[in-house]
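Each chain is listed here by its residues.
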Amino acid sequence: MLLVAVVVLALFLLPWLAGRYPVYLAIQILILAVFSIGFNLLFGYTGLLSFGQAGFFAIGAYGCAKILLAVPNLLLGLVGGVAAAGIAALVLGILSVRHTRIYFSMLTLAFGMMIYSIAWKWRDFTGGDDGLVGIPRAPLEIPGLLSIDLSAMGHYYYVVLVLSLLAIAAMYRLVHSPLGLTLQAIRDSETRAEFAGVPVRKYRLIAFTIAGLYAGLAGALLTPLENTVTPPIAHWSTSAEPVMATLLGGVHTFGGPIVGAFLFFMIKDIIVRYTEYWLIWFGVIVVALVMGFPGGVMSIFTERRLAWRLTWPLISRPGKPAPAQRHDRTSED
């Protein structure tokens, strides 16, 4: 908790200590972190690998963009983008959660590419290959209460930071709630969960919809930052980003996708400074990290914390023998 507090404090002080580009990079990392923890609810906690999350990411971005072009109110744009992504996730989730494993993955990939095709072809709404440009970074307004100008990137950074922290805290509460434990039970053994009376398909749909909401929030936060939205954000390669971030950080640890998002952008930012073929070197580094740390980078800290917990009682009480373990043969049998 102390480490988390230090990191959060550093994030709040970042605009005062760094220039414009580090702030821009931090916003990108926060957006990918939100995107990745939503994906990991499906992958790490429910056992469903989705390759179509970029579709909901794009729906959130386009929904926010259309609202901001019509009504320059950031809060309204964010809510509209998230709501549009959530509705799309609910509808497509009803069709997707009927299948599991590779069939689920391929179906989500097909739906994601369908959204990508719509973004290209529906020129009257999406602008086609030109995209939507001139999207304002509208002020954050609550009528009668406040109005915050966000034209400066440092001001918008704090909006993204606060919303990201709230989204992360909500997800932490969710995965440690009865709903989160039920999703983990489904991941570990779908058959046992069904025999225990758990409506597996219903809970998968809930997880799919929540993941879509998080993807929509990430897309909606990206729109005011870039002031433009183009169809490539709906491509399957965008869906690969939260997958890579989750694998880098760790699938079965809550902080894994967040750490992975940081590593993803830092590795990419360093490589592109030296070569235009950054994808090749990025792939080599990712493969090396995944092979070296099969459980993700966060697995190192998890293992050390577990070892510390096991050895601490012996260190705190030197000279005293460890308490004898009671063996219950009946329970073991």
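Note: the structure precedes this text.
Definitions and cut-offs
- Residues numbered from 1 in each chain as written.
- Predicted model: local features only at pLDDT ≥ 70, side-chain atom pairs only at ≥ 80, totals over all residues.
- Heavy atoms only, no water.
- Phe/Tyr/Trp six-rings, centres within 6.5 Å; stacked < 30°, edge-to-face > 60°.
- Helix = DSSP H or I, 4+ residues; strand = E, 2+ residues; numbered from the N terminus.
- Buried < 20%, exposed > 50% of the residue type's maximum accessible area, 1.4 Å probe, protein only.
- Lys NZ or Arg CZ within 6 Å of the ring centre and 35° of its normal.
- Contact = heavy atoms within 4.5 Å.
- Salt bridge = Lys/Arg side-chain N within 4 Å of Asp/Glu carboxyl O.
- Core = buried A, V, L, I, M, F, W, Y, C linked by side-chain atoms within 4.5 Å.

Caption draft 1: Structural view of the packing of aromatic side chains. Applying the stated criterion across every chain, the model contains 11 aromatic pairs. With centroids separated by 4.8 Å and ring planes inclined at 15°, the aromatic side chains of Phe35 and Phe57 adopt a geometry described as stacked. Within this pair, whereas Phe35 is found in helix 2 (residues 20–43), its partner Phe57 is found in helix 3 (residues 53–70), the two being separated by 22 residues in sequence. Like Phe35, the residue Phe57 is buried in the burial classification. Relative to Phe265, the ring of Phe264 has its centre 5.6 Å away and its plane inclined at 80°; by these criteria the two rings are edge-to-face. Side by side, Phe264 and Phe265 carry an identical accessibility label, which is buried. Within the aromatic cluster, the residues linked to one another by ring pairs are Phe12, Tyr157 and Tyr158. Here Lys66 stacks its cationic end above the ring of Phe125, 4.7 Å away from the centre of that ring.

Caption draft 2: Broad picture of the side chain of Thr246. With respect to the secondary-structure elements, Thr246 resides in helix 11 (residues 236–249). We classify Thr246 as buried; its relative accessible area is 0%. Those residues within four positions of Thr246 in sequence are excluded, and the remaining contacts are Ser36, Phe39, Asn40, Phe43, Val251 and Pro257.

Caption draft 3: Local environment of the pattern of salt bridges. In this structure the tally under the stated criterion is five salt bridges. With its nearest N and O atoms 3.3 Å apart, the salt bridge here joins Arg123 to Asp130. The salt bridge partner of Arg204 is Glu190, with a shortest N-O separation of 2.9 Å. Here Glu190 lies in helix 9 (residues 190–195) and Arg204 lies in helix 10 (residues 200–226), a separation of 14 residues in the sequence.

Caption draft 4: Here's a closer look at the nonpolar core. If you look at the biggest cluster of nonpolar residues, it comprises 79 residues, and the most contacted ones within it are Ile27, Ile31, Leu41, Phe56, Tyr156 and Met171. It is helix 2 that contributes the most residues to this core, 14 residues altogether. If we skip the residues at most four places from it in the chain, Leu41 touches Thr46, Met171, Leu174, Val175, Leu183, Ala207 and Ile210.

Caption draft 5: Summary view of the side chain of Thr182. Relative to the assigned elements, Thr182 resides in helix 8 (residues 178–188). In contact with Thr182, not counting residues within four places along its chain, are Val198 and Tyr203.

Caption draft 6: Fine view of the environment of Thr209. For Thr209, the position within the fold is in helix 10. Looking at Thr209, the relative accessible area reads 17%, which means it is buried. Contacts of Thr209, omitting those with residues within four sequence positions, involve Gly86, Ala89 and Leu90.

Geometry only, nothing functional implied.
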